[in-house]
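Listed below are the residues making up each chain.
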Amino acid sequence: WVSFPGKYSTAWESLISQHHDDSVACVFLDDTDNGLGQHHFPNDNREQCLCAEIYGERNYKDLGYLQEVQDTCSESERAQRRERAKAMNSHIVFGKASDEDRKQAKELWKKNKKRASWGCAWFEKWFHRVKTAVDLGQRLKVVYFPGQVGCGKVAWTMLPKVNLW
C-alpha cells in the first residue's frame, strides 16, 4: 500500500491492524511523532528541504499557513486543530479569516521560507518504505478517492508543477 487518502482514517486503521504480508508505505501526518510540520534536508543542507522538489512554489494558503475551520466544531476538536496548527506553525481561524488573519498567515509562510506547513519529512520515510516493498517484490497498491481511479499520475519531474490538490 503506497497511497491511501487520509480522509478515510477508519479504513486505514482497519488495514494496518490486519496481519498480512503487505508492506504499508503510507505516512499519515496526524501529529509531530509522525512528522507533522517537520522537514527533511538532504545532505545536511539546512536551507533546501524537499518541499520545493515535491510541491514547487505555492502560496501561503495552498501550503497550509491559513487554516479556516468552521466555528461550529466541538471544543475537543478545536483543541486538536490548535495542536496541529501549532505543529505546522500555521495560523488557525475558527470562522471566516480577516485581512489581518491572512497577513499573519503570509508572514508565517515567509518566515518558514515558503515551505509546506505540514512538512516534507514524511516523504523520505515514505520513499524508503516504497523501496523496501519493491525490494521484496511486492505489488504496489494505491487507494483512490471515489471516481478518481488513475487520476493524479504524473512524472516525477512534474510534481512541483502540477496541481494535485
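Here goes a summary of the coordinates provided. For clarity, every value in this text was computed on a predicted model and none was experimentally measured.

1. With respect to the overall build of the chain
Broken down by element type, the chain carries five helices and two strands. When the helices and strands of the chain are read in sequence order from the N terminus, they spell out α-α-β-α-β-α-α. Its C-alpha atoms give the chain principal-axis dimensions of about 50 × 40 × 30 Å. Buried positions account for 34% of the 165 residues belonging to the chain. Of the roughly 10800 Å² that the chain leaves accessible, carbon and sulfur atoms contribute 50%. Put simply, the chain has 25 plus and 22 minus side-chain charges, and the middle of one group is 4 Å from the middle of the other.

2. So, a nonpolar patch on the surface
Nonpolar side chains collect at one region of the surface, where Val154, Met158 and Leu164 lie side by side and expose about 230 Å² of accessible area between them. Following the sequence through the fold, Leu164 ends up in the segment after helix 5 (121-135).

3. Here we look at the pattern of salt bridges
Per the stated rule, a full pass over the model turns up six salt bridges. For Glu75, the salt bridge goes to Arg82, with nearest N and O atoms at 3.3 Å. For Glu75, a relative accessible area of 54% gives the class exposed. Judged by its relative accessible area of 37%, Arg82 is partly exposed.

4. Digging into the packing of aromatic side chains
Taken as a whole and judged by the stated rule, the model has seven aromatic pairs. For Arg78, the ring lying beneath its charged end belongs to Phe94, and the centroid distance is 4.5 Å.

5. Focus on the pairing of strand 2 (residues 91-94)
A two-sided burial pattern is seen for strand 2, the buried positions comprising His91 and Val93 on one face and Ile92 and Phe94 on the other. Pairing analysis gives four bridges linking strand 1 (residues 66-69) to strand 2, with the strands arranged parallel. When the bridges of strand 2 are listed, Val69 appears paired with Phe94.

6. Some points on the environment of Asp30
Of note, Asp30 is situated in the loop between helix 1 (9-17) and helix 2 (51-55). Distance from Asp30 to Gln80, taken between C-alpha atoms, is 9.9 Å for residues 50 residues apart in sequence. Setting aside its immediate chain neighbours within four residues, Asp30 contacts Leu36 and Arg84.

7. Looking at the environment of Ile92
Within the secondary structure, Ile92 is located in strand 2. Between the C-alpha atom of Ile92 and that of Lys114, which follows or precedes it by 22 residues, the distance is 17 Å. Leaving out residues up to four positions away in the same chain, Ile92 has contacts with Gln67, Val69, Arg81, Arg82 and Ala85.

8. Digging into the nonpolar core
Tyr55, Leu63, Trp118, Cys120 and Trp122 are the most contacted members of the largest nonpolar core, which has 23 residues in total. For this core, the secondary structure elements donating two or more residues are helix 2, helix 4 (99-111) and helix 5. Considering every element that reaches this core, the biggest residue donor is helix 2, with three residues. Not counting the four nearest positions on each side in its chain, Trp118 is found in contact with Leu29, Gly35, Leu36, Gly37, Gln38, Tyr55, Asp62, Leu63, Gly64 and Met88.

9. Looking at unusual backbone geometry
The backbone of Asn89 shows a phi angle near 55°, a positive value even though the residue is not glycine. For Asn89, the location among the structural elements is in the loop between helix 3 (75-88) and strand 2. One non-glycine residue, Lys114, lies in the positive phi region at around 60°. By the secondary structure assignment, Lys114 is in the loop between helix 4 and helix 5. We classify Lys114 as partly exposed; its relative accessible area is 45%.

Each value, and the rule that gives it
Residues numbered from 1 in each chain as written. Predicted model: local features only at pLDDT ≥ 70, side-chain atom pairs only at ≥ 80, totals over all residues. Heavy atoms only, no water. Helix = DSSP H or I, 4+ residues; strand = E, 2+ residues; numbered from the N terminus. Buried < 20%, exposed > 50% of the residue type's maximum accessible area, 1.4 Å probe, protein only. Areas by Shrake-Rupley, 256 points an atom, 1.4 Å probe, with all protein chains shown as cover. Lys, Arg positive; Asp, Glu negative; His and termini not counted. Charge placed at Lys NZ, Arg CZ, Asp CG, Glu CD. Patch = residues over 30% accessible without salt bridge, like charges linked within 9 Å, V, L, I, M, F, W, Y side chains within 5 Å. Salt bridge = Lys/Arg side-chain N within 4 Å of Asp/Glu carboxyl O. Phe/Tyr/Trp six-rings, centres within 6.5 Å; stacked < 30°, edge-to-face > 60°. Lys NZ or Arg CZ within 6 Å of the ring centre and 35° of its normal. Pairing = 2+ DSSP bridges. Contact = heavy atoms within 4.5 Å. Core = buried A, V, L, I, M, F, W, Y, C linked by side-chain atoms within 4.5 Å.

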